[in-house]
Amino acid sequence: LVASFVGANVKEIKSLVKKHQADLISTFYQKELKLLQTRITKNPLPNPDALQAHNISLRIPPSFKPEIEQDDLMVLWSKTLKTDQGIIIHFRPLVDNQAVMGNDIVPLRDSLTKLYIPGELEGSYMVTETLIAPRIEPTEIANSFAFKTRGLWKTKGEFKGGPFISYTIYDEKNNQEITLDAFIYAPEINKRNLLLELESILSTFEMLN
């Protein structure tokens, strides 16, 4: 993927690059995301029953193992000697009041991680880091309105943390709100590419009907 700028002089080309830098970043990012999707979701797990029951599919790499599978919740882990990557998938009925859409993304996330993502020490659990507020922006995925959230997490009761990315999808056809949340713990590794891998998995989300 190549971007070409033509100008009368260096100053003019600099101006063009600056003017279009947001589009450039987004275009290259999406290209890299698609490339990763092709590579890491080439031989996915069979679509779990819990997802089929909610009429959705997700191309989950075989390195991820389901740890919890309930009617309205899945927790999957991919662990190596240096990295822990986790994915939470949660379903709940769609709220009637659209004015509150997006307002409870972080509280819902914290309630789920408190219950299902414990730390190593007794009583410790994952929470969203609020000193650097998560960035929440509207988007669209599988033709449904959604919010994309990026932020940091920490472990209450321990000195552990890392980045996360999530999608909150409003599926009006099936009257459900779907949360796809992915996070990393990799203290010795640059986490940019690992987070991009997780985003590429979440971006394979599709509706089955």
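Placed above this text is the structure.
The model shown is predicted, which means the values in this text are computed figures rather than measured ones.

Draft legend 1. How the structure looks around the nonpolar core. The biggest cluster of nonpolar side chains holds 31 residues, and the ones touching the most others in it are L51, I87, I89, I169, L180 and F205. For this core, the secondary structure elements donating two or more residues are α2 (21-40), α3 (49-53), β3 (73-79), β4 (84-93), β8 (161-171), β9 (176-185) and α5 (192-202). Here the element with the most residues in this core is α5; it accounts for six residues. In contact with L180, other than residues within four places in its own chain, are L58, I88, I89, I165, S166, Y167, I169, L202 and F205. I68, M126, W153 and F164 belong to the second-largest nonpolar core, a separate cluster that totals 12 residues.

Draft legend 2. A look at the side chain of S200. As for its position among the elements, S200 is in helix α5. For S200, a relative accessible area of 0% translates into the label buried. S200 has contacts with L33, L36, Q37 and I40, leaving out every residue within four places of it along the chain.

Rules of the game
- Residues numbered from 1 in each chain as written.
- Predicted model: local features only at pLDDT ≥ 70, side-chain atom pairs only at ≥ 80, totals over all residues.
- Heavy atoms only, no water.
- Core = buried A, V, L, I, M, F, W, Y, C linked by side-chain atoms within 4.5 Å.
- Buried < 20%, exposed > 50% of the residue type's maximum accessible area, 1.4 Å probe, protein only.
- Helix = DSSP H or I, 4+ residues; strand = E, 2+ residues; numbered from the N terminus.
- Contact = heavy atoms within 4.5 Å.

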